[in-house]
Amino acid sequence: PMMKNVVVGRDMRKTSPGLKDALCEGIIDAGGGVIDIGMVDTPFTYFAVNHLDCAGAVQTTASHNPPQYNGFKISKRKAKPVGEATGLADIRKIAATVDVRDRGSKTGHIEQRDLWNSYLEHVHGFLELPTGKNLKVTIDASNAMAGTMVPKVFGDVEGLEIDELYFDNSSGEFTHEPNPLVEANLVDLKNRVRENGSDFGICFDGDADRLVVVDELGETVGCDHLTAFLASWFLKREGASTIVYDLRSSKAVEEEIKAAGGTPLRSRVGHVFMKQALSETGGVFGGELSGHFYFRDNFFADSGAIALATVATAIAESGEPVSELIKPIARYTQSGEINFENEEKDLALEELEETYGERADVDDLDGITVDCFDSEGWWANVRKSNTEPLLRLNLEAKDEALKDKMVDEISVMLGTRVAH
């Protein structure tokens, strides 16, 4: 039965084949079976573990990190994510106590499988371009896994013309860091969209599970604004449903979901929490500020390929320029994430809560959120970094002046601002 098997994939980094081989050896030594699906994007592994109903999946990748980094992204059955509390701590314990000389039973087996056709069919289930409508899209693959995935999955789609940027991933090196959240990494894409007269541009991260959209004018579309646009589109098609969104998102997201007859659900930041919230509610769609987009019909998992298919379909159907679709949604002013160095993170959060607690709605779903939006026209969230002595502030207001005033006011409590 497939239940004893683990799906294993890898990205294009130089160290990935060696790491993947060592992983496979370990699984076989422990008596497990390996289904090696080759060099694939991370969401491919979420598809494969469901498609074959395996025990879990491991992708060898370091996503958006520099070339010398590498690691494993681990999922359980049904592509349920493995986070610190859901298995990583256990894995760390087991790894620390294992005797490397004890090679186990070696009773496992390994087989290679090419699942690209099945993956293509699955992704194409989300792609419905209106007949006679031609879309021009510039795609920046960041010299990474989208360079393999996009040609294989979207290579000969009628009505879709793809202008390729940084698709060569043969060296394991990057022209720009494969992280689309950093504006500097989008410069070439933006220029190319304008030069090419593309309808929009997309930049993928290293393992192609995240993307950022750029409109036809070469302006970045916020992932929260994109979430609101796609949420309305899904709700129109599917009827009432829950939409899960990252709690740092613009107020406009909640407002657009309600206006379209959906139920908005704020989630903690992080794909583990987003996925869980979506599958628990059976919601149709979810979006995170980091560029992860989640789909009920993709086993509640995130997928860059499906996000591309959905964005292309929704934009083609609308028949309007992307900038015009987003403009009414981007109606408030956002600070973006501002980091502060602080060795006493909890004290700062307490002070924030004490200062605004009387006049604001306060909650601690993820860090502290103080919400004075209805009464004063602003709200803010401050959360702790898990790994560094940092506090992260996101603030939104109804206008620029109020945003600046409140960022200044709250900054005083948060420590030393980190120059971006």
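Worth saying up front: this structure is predicted, and the values here are computed from it rather than measured. (Residues numbered from 1 in each chain as written. Predicted model: local features only at pLDDT ≥ 70, side-chain atom pairs only at ≥ 80, totals over all residues. Heavy atoms only, no water.)

End to end, helix α14 (residues 400-414) covers 21 Å across 15 residues, agreeing with the expected 21 Å (1.5 Å per residue, within 8%). Its side-chain oxygen placed 3.1 Å from the backbone nitrogen of A401, D399 serves as the N-cap of α14. Remark: G415 follows α14 within two positions and exhibits a positive phi of approximately 110 degrees. (Helix = DSSP H or I, 4+ residues; strand = E, 2+ residues; numbered from the N terminus. Expected span 1.5 Å × (residues − 1). Polar contact = N/O pair within 3.5 Å; in protein donor to acceptor, adjacent residues only side chain to side chain.)

Between two packed helices, what matters for the description is the angle formed by their axes and the separation of those axes. The contact between helix α4 (residues 116-124) and helix α5 (residues 146-154) brings their axes to 9 Å, and the two run at 75 degrees. Viewed along their axes, α4 and α5 adopt a mutual orientation that is roughly perpendicular. On α5, the residues touching W116, Y119, L120, V123 and H124 of α4 are T148, M149, K152, V153 and F154. Taken together, the residues that form the contact of α4 with α5 break down as seven nonpolar, two polar and one charged. (Axes fitted to C-alpha atoms, helices over the stretch in contact; angles between N-to-C directions. Parallel < 35°, antiparallel > 145°, perpendicular 65-115°, else oblique. Contact = heavy atoms within 4.5 Å. Nonpolar A, V, L, I, M, F, W, Y, C, P; charged D, E, K, R; others polar.)

Attention shifts here to the nonpolar core. Judged by nonpolar contacts, the single largest core of 86 residues is most densely connected at M149, F154, F200 and F204. The element contributing the most residues to this core is helix α10 (residues 304-318), with 10 residues. For F154, the residues in contact, after removing those within four places along its chain, are V123, L127, M149, L160, I162, A305, L308 and A309. Ranked by size, the runner-up nonpolar core spans 23 residues in total, among them F340, L352, A360 and L395. (Core = buried A, V, L, I, M, F, W, Y, C linked by side-chain atoms within 4.5 Å. Buried < 20%, exposed > 50% of the residue type's maximum accessible area, 1.4 Å probe, protein only.)

Turning next to the side chain of T369. Mapped onto the elements, T369 comes out in strand β18 (residues 368-372). Engagement of the side chain of T369 in a polar contact is seen with the side chain of R266, the distance being 3.3 Å. A distance of 2.9 Å separates the side chain of T369 from the side chain of N381, its partner in a polar contact. Apart from residues lying up to four places away in sequence, T369 is in contact with R266, D361, V362, D363, W379, A380 and N381.

This part is about the sheet that holds strand β13 (residues 285-287). With mixed pairing, the four strands of this open sheet are ordered in space as β12-β11-β13-β14. On the outer flanks of this sheet lie β12 (263-267) and β14 (293-295), each paired with one strand and no other. In this sheet, neighbouring strand axes are inclined to one another by 20 degrees on average, regardless of whether the strands run parallel or antiparallel. Judged from the three bridges that link them, strand β11 (residues 242-246) and β13 form a sheet pairing that is parallel. Note on β13: the bridge partner recorded for V244 is G286. Relative to the sheet, helix α7 (residues 223-238) contacts β11, β13 and β14, its axis offset from that of β13 by approximately 170 degrees. (Pairing = 2+ DSSP bridges.)

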